[in-house]
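Overview (structure and organization)
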Protein chains: 2
Amino acid sequence: MERIERRACFGGWQDVYRHDSAVLGCSMKVAVYLPPQAQAEGARLPVLYWLSGLTCSEQNFITKAGAQRYAAEHGVIIVAPDTSPRGEGVADAEGYDLGQGAGFYVNATEQPWAAQYRMYDYIVDELPALIQAHFPASDKRGICGHSMGGHGALSIALRNPGRYASVSAFSPIVAPSQVPWGQKAFTAYLGQDRAAWRAYDSVELVLAGAGKGLHLLVDQGQEDEFLAGQLKPELLQAACGAAGHALTLRLQPGYDHSYYFIASFIGEHVAWHAAALQA
Amino acid sequence: MERIERRACFGGWQDVYRHDSAVLGCSMKVAVYLPPQAQAEGARLPVLYWLSGLTCSEQNFITKAGAQRYAAEHGVIIVAPDTSPRGEGVADAEGYDLGQGAGFYVNATEQPWAAQYRMYDYIVDELPALIQAHFPASDKRGICGHSMGGHGALSIALRNPGRYASVSAFSPIVAPSQVPWGQKAFTAYLGQDRAAWRAYDSVELVLAGAGKGLHLLVDQGQEDEFLAGQLKPELLQAACGAAGHALTLRLQPGYDHSYYFIASFIGEHVAWHAAALQA
């Protein structure tokens, strides 16, 4: 882990690191916020993973969400990775919604993606191992994200409830199999057989009984420009109702898909995670 | 005032407007945060003006500082204008520190700047009149800024204490006449005669007894890359000491010149202004 940025922020450090990913086969950047409590001798703090949306890098969340204040209040490390493998040799596509910046948190099986588009394994296994090896991190983990990253957070937590004590999402793509963003990405990364898509579709996972004990917190802006076409939180609500899965879905009047929405409620999400992580 | 952006944020609205400026002779953008209290019938809220630094537009502060939370808590409108006249017909120069994005909050007297580079009059007169005409704003005003904008906030408040109930700055250029950024800009905008520079130099203004009753709050990061070469807060401290001017100068260990620094302390600045504006 090579540190390439360090900024004092709310009494702690907002860092960015570069490291070689064995899983992704390329150099990756990852942002790490270390709250003031991390400086204490022998500290072991819980970690909140943040997964960003389409087009984002590790920078968007750390410059725009204002989460550092709440992480400092609660003594939580926040780790914000990039959204896909990156670099000149890495497969890419025209458009913002496939290829670099659009990894969709899956392990691709199709060409030309299969060799490097393994964001699921990177987020679930490789990155947490690196974080625990290099930072004062405990093995308590929460996961949260926005849009494509909200899909990533929900689907990863549902499949790995023992690994995540808490999960929440802003404006998540809850049913990628049923909307254009997800259908385009899953067809490219996973192929035409929709059976392979189910393992990465939060609505399908809930209906199959995955992650049963994990209470889902979802905030969704009612003026979100992608609400009806890509996000469809009512599908998650119906699935949770049918499966008896705990869901707190908050429809927030007036809010859109932007970081102004995330900034307005990230404090409540960090508090939600901190309560579970420090229980 | 034509509204070109509106985002729900902390229960209020983060708007951006476009308007024709008679003083600057061009179309200008200005960001306005309206806290939830602005929606009340007959509301008249105090206004905090934010002046940004070199290269910034009206966007930097509203996307990165996280000030909306505190404005919503205290019921303060925040107005964040651009940093110079803008557009294809507007004079400009090579480099980031002169011309568009670098108006330095002065009324230029030299060519080719004199016709449009009148940011002092724009900030002191034209913009507040527009804000009071179009928004639920009282005539109570505070002013705050960063770097070049910290210079703007301090010098404007010192020259117009009756117009501003409060002033604060992050990492301000306190003595533009004595540092490279200021010397380059003032030579271009105001000419070689340094007597003309004094009216825009906070250290000179304090030494001349301007704005005597106005308590100055200044935060300065100790790891700021421009501290020794461009900012020199010790000159303001010495001037305030000599003139008996009230100054709270806080040197913040570890912090740099970035928005991570501003975000960490903007809450305290908004509270400082709110206390004066609502007294």
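Residues numbered from 1 in each chain as written. Chains lettered and ligands numbered in written order. Predicted model: local features only at pLDDT ≥ 70, side-chain atom pairs only at ≥ 80, totals over all residues. Heavy atoms only, no water.

This is how it is decided: UniProt positions are given in the numbering used here, feature names are shortened, and annotations may be inferred rather than shown by experiment.
For chain A, the name recorded in an unreviewed UniProt entry is S-formylglutathione hydrolase, with Stenotrophomonas ginsengisoli as its organism. Recorded in UniProt for chain A, the comment headed Function (unreviewed entry) runs: "Serine hydrolase involved in the detoxification of formaldehyde." UniProt, in the comment section headed Sequence similarities (unreviewed entry), describes chain A in these words: "Belongs to the esterase D family."

So, the interface of chain A and chain B
The cut-off we apply is this: Residue contacts are defined here by distance: any two heavy atoms, one from each residue, within 4.5 Å place the two residues in contact. Buried area, as used here, totals the accessible surface that two parts lose on assembly, with accessibility defined by a 1.4 Å probe and the loss added over both. Within this document, salt bridges are pairs made up of a side-chain nitrogen of Lys or Arg and a carboxyl oxygen of Asp or Glu, the two lying within 4 Å of each other. N or O atoms closer than or at 3.5 Å make up a polar contact, with two conditions inside protein: a donor-capable atom paired with an acceptor-capable one, and, for residues adjacent in sequence, both atoms drawn from side chains. Secondary structure counts use DSSP, requiring at least four H or I residues in a row for a helix and at least two E residues in a row for a strand, with both numbered from the N terminus. Under the grouping applied here, Gly and all other residues not named as nonpolar or charged are polar, the nonpolar ones being Ala, Val, Leu, Ile, Met, Phe, Trp, Tyr, Cys and Pro and the charged ones Asp, Glu, Lys and Arg.
In this complex, chain A contributes 22 residues to the contact, which on the side of chain B involves 22 residues. Summed over both sides, the interface between chain A and chain B buries roughly 1,900 Å², with carbon and sulfur atoms accounting for 52% of that surface. Here D256 of chain A and R7 of chain B are joined by a salt bridge, their closest N and O atoms 2.9 Å apart. Our count for the contact surface shared by chain A and chain B stands at 10 residue pairs in polar contact (both at pLDDT 80 or more). Contributing elements (two or more residues each) for the side of chain A that touches chain B: β1 (2-9), β2 (12-21), α1 (59-64), α2 (68-74) and α9 (259-277) of chain A. In the side of chain A that touches chain B, the residues fall into 10 nonpolar, 8 polar and 4 charged.

Notes on the pairing of strand β6 (residues 137-146) of chain A
For a regular strand, side-chain orientation follows a simple rule: the groups alternate between the two sheet faces. Residue and element names in this part refer to chain A. The criterion, for reference: Three exposure classes are used, based on accessible area relative to the maximum for each residue type with a 1.4 Å probe and protein chains only: buried under 20%, partly exposed in between, and exposed over 50%. Only when DSSP finds a minimum of two bridges between them are two strands counted as paired. Whether a crossover is right-handed depends on one test, that the path from the first strand over the helix to the second runs clockwise when the strands point away from the viewer.
The buried count for β6 comes to 8 of 10 residues, which makes it a mostly enclosed element. In this structure, strand β4 (residues 45-51) lies alongside β6, joined through 6 bridges in parallel fashion. When the sheet's bridge partners are listed, V47 is paired in β6 with R141. Sheet analysis places β6 next to strand β7 (residues 166-170), joined by 5 bridges and oriented parallel. Each residue of the ladder has a partner; that of C144, found in β7, is S168. Handedness of the β-α-β unit built from β6, helix α4 (residues 148-159) and β7 comes out right-handed.

Things to note about the sheet that holds strand β3 (residues 26-34) of chain B
Residue and element names in this part refer to chain B. As a reminder, the rule being used: Here, axes are lines fitted to C-alpha atoms. For helices the fit covers the stretch in contact, and angles between N-to-C directions go from 0 to 180 degrees.
Taking strand neighbours across the sheet as the criterion, the 9 strands line up as β1-β2-β3-β5-β4-β6-β7-β8-β9 in an open arrangement whose pairing is mixed. The strands lining the two open edges of the sheet, one partner per strand, are β1 (2-9) and β9 (247-252). Between one strand axis and the next, the sheet turns by 20° as a mean value, whatever way the strands run. Where β1 meets strand β2 (residues 12-21), 7 bridges bridge the pair, whose relative direction is antiparallel. Bridge pairing in β2 links R7 to Q14. Along the sheet, helix α4 (residues 148-159) makes contact with β4 (45-51), β6 (137-146), β7 (166-170) and β8 (216-221), crossing β6 at roughly 135°.

A closer look at the relation of the copies chain A and chain B
Basically, it comes down to this: Superposing copies: least-squares fit, C-alpha atoms only, residues required to have pLDDT of at least 70 in both.
At an RMSD of 0.0 Å, chain A and chain B line up after a rotation of 180° and a shift of 0.0 Å along the axis. Taken together, these values place the two copies in the relation of a two-fold axis. Using C-alpha coordinates, one finds that chain A approaches the rotation axis most closely at K64 of chain A, a distance of 2.5 Å. Most of the interface of chain A is mirrored in chain B: 100% of its interface residues are interface residues there too.

Overview of helix α5 (residues 180-190) of chain B
Residue pairs spaced three or four apart in an α-helix point in one direction, given the helix's 3.6 residues per turn. All names here are of chain B. What counts is decided by this rule: In this description, the arc belongs to the directions extending from the helix axis to the C-beta atoms.
Taken together, the buried positions of α5 are occupied by W181, G182, A185, F186, A188, Y189 and L190. With its buried residues spanning 165° around the axis, α5 presents them on a single face. Tucked into the core, α5 has its buried residues touching α4 and α7 (227-231). G191 sits one or two residues past α5 and shows a positive phi near 95°.

Considering the UniProt feature "active site" (unreviewed entry) in chain A
All names here are of chain A. Those places that UniProt annotates as "active site" (unreviewed entry) correspond, in this numbering, to S147, D224 and H257. These residues run over 111 residues, yet every pair of their C-alpha atoms falls within 10.7 Å of each other. Topologically, S147 is positioned in the loop between β6 and α4. The exposure class of S147 is buried, given its relative accessible area of 3%.

Structural notes on the pattern of salt bridges
Residue and element names in this part refer to chain A. Applying the stated criterion across every chain yields a total of 20 salt bridges over all chains. Residues R163 and D125 are paired through a salt bridge, measuring 3.1 Å at the closest nitrogen-oxygen approach. Highlighted residues: R163 in the loop between α4 and β7 and D125 in helix α3 (residues 119-134), separated in sequence by 38 residues. A relative accessible area of 34% means that R163 is categorised as partly exposed. Classification of D125 as partly exposed rests on a relative accessible area of 36%. Here R250 and E268 are joined by a salt bridge, their closest N and O atoms 2.8 Å apart.

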